[in-house]
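If you want the building blocks of each chain, they are given just below.
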There are 2 protein chains.
Amino acid sequence: MNTTKKIIDNLRKKGYRITSQREKILEIFLHLPDEYHLSAEDLQIILLQNNVKISLATLYRTLKFLASNGLLRELDFGEDHKHYEYNSANKPHHHLICLSCGLTTEFNDEKLLNCAKDAALNLSNFQVLDYQFKIFGLCANCQGKIKA
Amino acid sequence: MNTTKKIIDNLRKKGYRITSQREKILEIFLHLPDEYHLSAEDLQIILLQNNVKISLATLYRTLKFLASNGLLRELDFGEDHKHYEYNSANKPHHHLICLSCGLTTEFNDEKLLNCAKDAALNLSNFQVLDYQFKIFGLCANCQGKIKA
DNA sequence: TTTCGTGCAAACCATTTGCAGCAGC
DNA sequence: GCTGCTGCAAATGGTTTGCACGAAA
């Protein structure tokens, strides 16, 4: 059984209905390269490119639905809209955010993640479910621009 | 010369005008306990409690102004509004966010910060200006509620 | 006196919501 | 057939903006 099927089966077991809209949106996230984090608008564009018409209301509702079921991770890059990425356990989900052009790239650092896990263990009275690390600065391109 | 005076002097040197509104808002952040991160609404309430009337427009403009001059740090806790805290170099600025009640508390972990610094150093082609670590989960109170 | 900053009200824009109809099961 | 999900359009709410006036330097 492939990933999509497994996920859908799981949602059905929880009592949710599987509509074509939910399936299409899920598929898009599953087939997205690791480094992508879509905004609602990005997602709408991709859907249109695939000739899929889903209302904005449903799109937002589905994003919230998938996120609340742990399938998507909600991200905030300091912009006025949210981004979403597929929430796989082994996917890196730490980000470099360029304060000049807004470019957001992923990074992963074994040591840092281990430190984070240790730190999380030491938190008393707090049950850790997820963590995110954000580094703000200037990307290679923008460093050049500002120097010039 | 105290901190406020120093900061104001610095802003004036940059060519900005020092208005009573900017001074009042800056003072509030300087006198805030470390663990506070105000939303625009919080700030408005504090201003009113101090009998200071500042329009919402100016309030937002001043927050942006102070943040763009490195005096405030802009924070995102996954809510629909931003939070701000005074941007002191030695202030911890990493957060535990309760996914159930939204309670946000600060934490600091020497080891984790050192790891973060190391990780930042290893980033090629990226000039690090700031970083934030967020841990999502359930606070002591909400763990109880959910178990019950 | 010259700008810059402020207040007001209207505009913006991402996201949410009420409701009627349709689709999953 | 029951009920949850969708689409539409209107509402919401935090934040931004145009403009005329007031204040900093």
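Look up a bit, the structure's there.
## Details of helix α5 (residues 110-121) of chain B
And then number 1: Compared with the 16 Å implied by 1.5 Å per residue over twelve residues, the 17 Å span of α5 of chain B between its first and last C-alpha is a close match.
And then number 2: Along α5 of chain B, the residues that are buried comprise Leu112, Leu113, Cys115, Ala116, Ala119 and Ala120 of chain B. Buried residues of α5 of chain B fall within an arc of 160° about the axis and therefore sit on the same side. Opposite the packed face of α5 of chain B, turned more than 90 degrees from it, sit the exposed residues Glu110, Lys111 and Leu121 of chain B.
And then number 3: Against the buried residues of α5 of chain B lie α5 (110-121) and β6 (126-139) of chain A together with β4 (94-98), β5 (104-107) and β6 (126-139) of chain B.

## Looking at the protein's contact with DNA strand D
And then number 1: Surrounding DNA strand D, one finds 21 residues, the nearest of these being Arg17 and Thr58 of chain A together with Arg12, Tyr60 and Lys64 of chain B.
And then number 2: Between arginine 17 of chain A and DNA strand D, the recorded distance is 2.7 Å, taken from a side-chain N or O atom to a base oxygen.
And then number 3: Within the side chain of arginine 17 of chain B, a nitrogen or oxygen atom sits 3.3 Å from a base nitrogen of DNA strand D.
And then number 4: For the surface near DNA strand D, the elements supplying multiple residues, two or more each, are α2 (20-30) and α4 (56-68) of chain A together with α4 (56-68) of chain B.
And then number 5: Examining the composition of the surface near DNA strand D, we find that four residues originate from one element, α4 of chain B, more than from any other.
And then number 6: Considering only residue class, the surface near DNA strand D consists of six nonpolar, five polar and ten charged.

## What about the nonpolar core?
And then number 1: Among the nonpolar cores identified, the biggest contains 34 residues, and Leu112, Phe133 and Ile135 of chain A together with Leu112, Phe133 and Ile135 of chain B are the most heavily contacted of them.
And then number 2: Of all the secondary-structure elements, those providing two or more residues to this core are β4 (94-98), α5 and β6 of chain A together with β4, α5 and β6 of chain B.
And then number 3: If we ignore the near neighbours within four places in the chain, the residues touching phenylalanine 133 of chain B are Ala116, Tyr131, Gln132 and Phe133 of chain A together with His94, His95, Phe107 and Leu112 of chain B.
And then number 4: In this structure, Ile8, Leu32, Ala40 and Leu66 of chain B belong to the second largest nonpolar core, which totals 24 residues.

## Description of the packing of aromatic side chains
And then number 1: Here the structure, examined in full by the defined rule, presents seven aromatic pairs over all chains.
And then number 2: When the centroid spacing of 5.2 Å and the interplanar angle of 55° are considered together, the rings of phenylalanine 133 of chain A and phenylalanine 133 of chain B count as tilted. You can see phenylalanine 133 of chain A sitting in strand β6 and its partner phenylalanine 133 of chain B sitting in strand β6, one on each of two chains.
And then number 3: Looking at phenylalanine 133 of chain B, the relative accessible area reads 1%, which means it is buried.
And then number 4: An aromatic cluster is defined as three or more aromatic residues linked by ring pairs; in this entry it consists of Phe107, Tyr131 and Phe133 of chain A together with Phe107, Tyr131 and Phe133 of chain B.
And then number 5: Geometry around phenylalanine 65 of chain A places arginine 22 of chain A over its ring, the cationic atom sitting 3.8 Å from the centre.

## Here we look at the protein's contact with DNA strand C
And then number 1: Looking at DNA strand C, there are 21 residues lining it, with Arg12, Tyr60 and Lys64 of chain A together with Arg17 and Thr58 of chain B nearest.
And then number 2: In DNA strand C, the atoms that sit within 4 Å of the protein are 64% sugar and phosphate, with bases accounting for the remainder.
And then number 3: Take arginine 17 of chain B: an N or O atom from its side chain is 2.5 Å from a base oxygen of DNA strand C.
And then number 4: Those elements that provide at least two residues to the surface near DNA strand C are α4 of chain A together with α2 (20-30) and α4 of chain B.
And then number 5: Ranked by residue count, the leading element in the surface near DNA strand C is α4 of chain A, at four residues.
And then number 6: Grouping the constituent residues of the surface near DNA strand C by class yields six nonpolar, five polar and ten charged.

## Brief notes about the pattern of salt bridges
And then number 1: Applying the stated criterion across every chain yields a total of ten salt bridges over all chains.
And then number 2: One salt bridge connects arginine 73 of chain B with aspartate 130 of chain B, and the closest N-O pair in it is separated by 2.5 Å. One end of the pair, arginine 73 of chain B, is in strand β2 (residues 72-75); the other, aspartate 130 of chain B, is in strand β6, with 57 residues separating them in the sequence.
And then number 3: Taking the relative accessible area as the measure of exposure, arginine 73 of chain B reaches 5% and is therefore buried.
And then number 4: On the basis of relative accessibility, which here comes to 19%, the residue aspartate 130 of chain B falls in the buried class.
And then number 5: Here lysine 82 of chain B makes a salt bridge to glutamate 74 of chain B, at a shortest N to O gap of 3.6 Å.
And then number 6: A residue is classified by how much of its surface remains accessible, and glutamate 74 of chain B, at 28% relative accessible area, is partly exposed.
And then number 7: One salt-bridge network, in which partners are shared between bridges, spans Lys64, Glu74 and Lys82 of chain A.

What counts and how
Residues numbered from 1 in each chain as written. Chains lettered and ligands numbered in written order. Predicted model: local features only at pLDDT ≥ 70, side-chain atom pairs only at ≥ 80, totals over all residues. Heavy atoms only, no water. Helix = DSSP H or I, 4+ residues; strand = E, 2+ residues; numbered from the N terminus. Expected span 1.5 Å × (residues − 1). Buried < 20%, exposed > 50% of the residue type's maximum accessible area, 1.4 Å probe, protein only. Arc of directions from axis to C-beta. Contact = heavy atoms within 4.5 Å. Near = heavy atom within 4 Å. Polar contact = N/O pair within 3.5 Å; in protein donor to acceptor, adjacent residues only side chain to side chain. Nonpolar A, V, L, I, M, F, W, Y, C, P; charged D, E, K, R; others polar. Core = buried A, V, L, I, M, F, W, Y, C linked by side-chain atoms within 4.5 Å. Phe/Tyr/Trp six-rings, centres within 6.5 Å; stacked < 30°, edge-to-face > 60°. Lys NZ or Arg CZ within 6 Å of the ring centre and 35° of its normal. Salt bridge = Lys/Arg side-chain N within 4 Å of Asp/Glu carboxyl O.

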